[in-house]
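Listed below, chain by chain, are the residues.
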Amino acid sequence: MGPSNFKFRMWDHRPESETFRNVITMIVGADDPKAAVVPKGVVHAYQNVGDTDGIVINCPNRLYMGEGRRERGG
């Protein structure tokens, strides 16, 4: 994420996880560069909170809710 700053939030929506329902929020980007790998079942969102336009590169490795949207969210 960059060249601006972003609020990046993840919350665990996996009932079997030790961190179920935990939420983490970070400010990342120009001031604190990060790369994130978001596990299946962890909901995520980001918002540009910087003073400039920003760029986010998103490289998913699976379709949302699976092929044909037949799987439960994750």
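Look up: the structure comes first, before these words.
What counts and how
- Residues numbered from 1 in each chain as written.
- Predicted model: local features only at pLDDT ≥ 70, side-chain atom pairs only at ≥ 80, totals over all residues.
- Heavy atoms only, no water.
- Salt bridge = Lys/Arg side-chain N within 4 Å of Asp/Glu carboxyl O.
- Buried < 20%, exposed > 50% of the residue type's maximum accessible area, 1.4 Å probe, protein only.
- Helix = DSSP H or I, 4+ residues; strand = E, 2+ residues; numbered from the N terminus.
- Polar contact = N/O pair within 3.5 Å; in protein donor to acceptor, adjacent residues only side chain to side chain.
- Contact = heavy atoms within 4.5 Å.
- Pairing = 2+ DSSP bridges.
- Axes fitted to C-alpha atoms, helices over the stretch in contact; angles between N-to-C directions.

(A) Local environment of the pattern of salt bridges. By the definition in use, this model includes 2 salt bridges. For the salt bridge of Asp 12 with Arg 14, the shortest nitrogen-to-oxygen distance reads 2.8 Å. Judged by its relative accessible area of 6%, Asp 12 falls in the buried class. You can call Arg 14 partly exposed: its relative accessible area is 22%. With a closest N to O distance of 3.4 Å, Lys 34 and Asp 32 form a salt bridge. The partly exposed category is assigned to Lys 34, whose relative accessible area is 46%.

(B) Examining the side chain of Ser 4 more closely. By secondary structure assignment, the location of Ser 4 is in the segment before strand E1 (5-12). For Ser 4, the side chain forms a polar contact with the side chain of Asn 48, separated by 2.9 Å. A distance of 3.0 Å separates a polar atom in the side chain of Ser 4 from the backbone oxygen of Thr 52. Residue contacts for Ser 4: discarding those within four places in its chain leaves Val 28, Gly 29, Ala 30, Asn 48, Gly 50, Asp 51, Thr 52, Asp 53 and Gly 54.

(C) Structural view of the sheet that holds strand E2 (residues 23-29). Read from one edge to the other, the open sheet built from 3 strands follows the order E2-E1-E3, with strand pairing classed as antiparallel. Pairing within the sheet leaves two strands with one partner each, and these edge strands are E2 and strand E3 (42-48). Each strand axis lies, on average, 20° off the axis of its neighbour in the sheet, ignoring direction. Pairing geometry for E1 and E2, over 7 bridges, is antiparallel. Paired with Lys 7 across the two strands is Ile 27, which belongs to E2.

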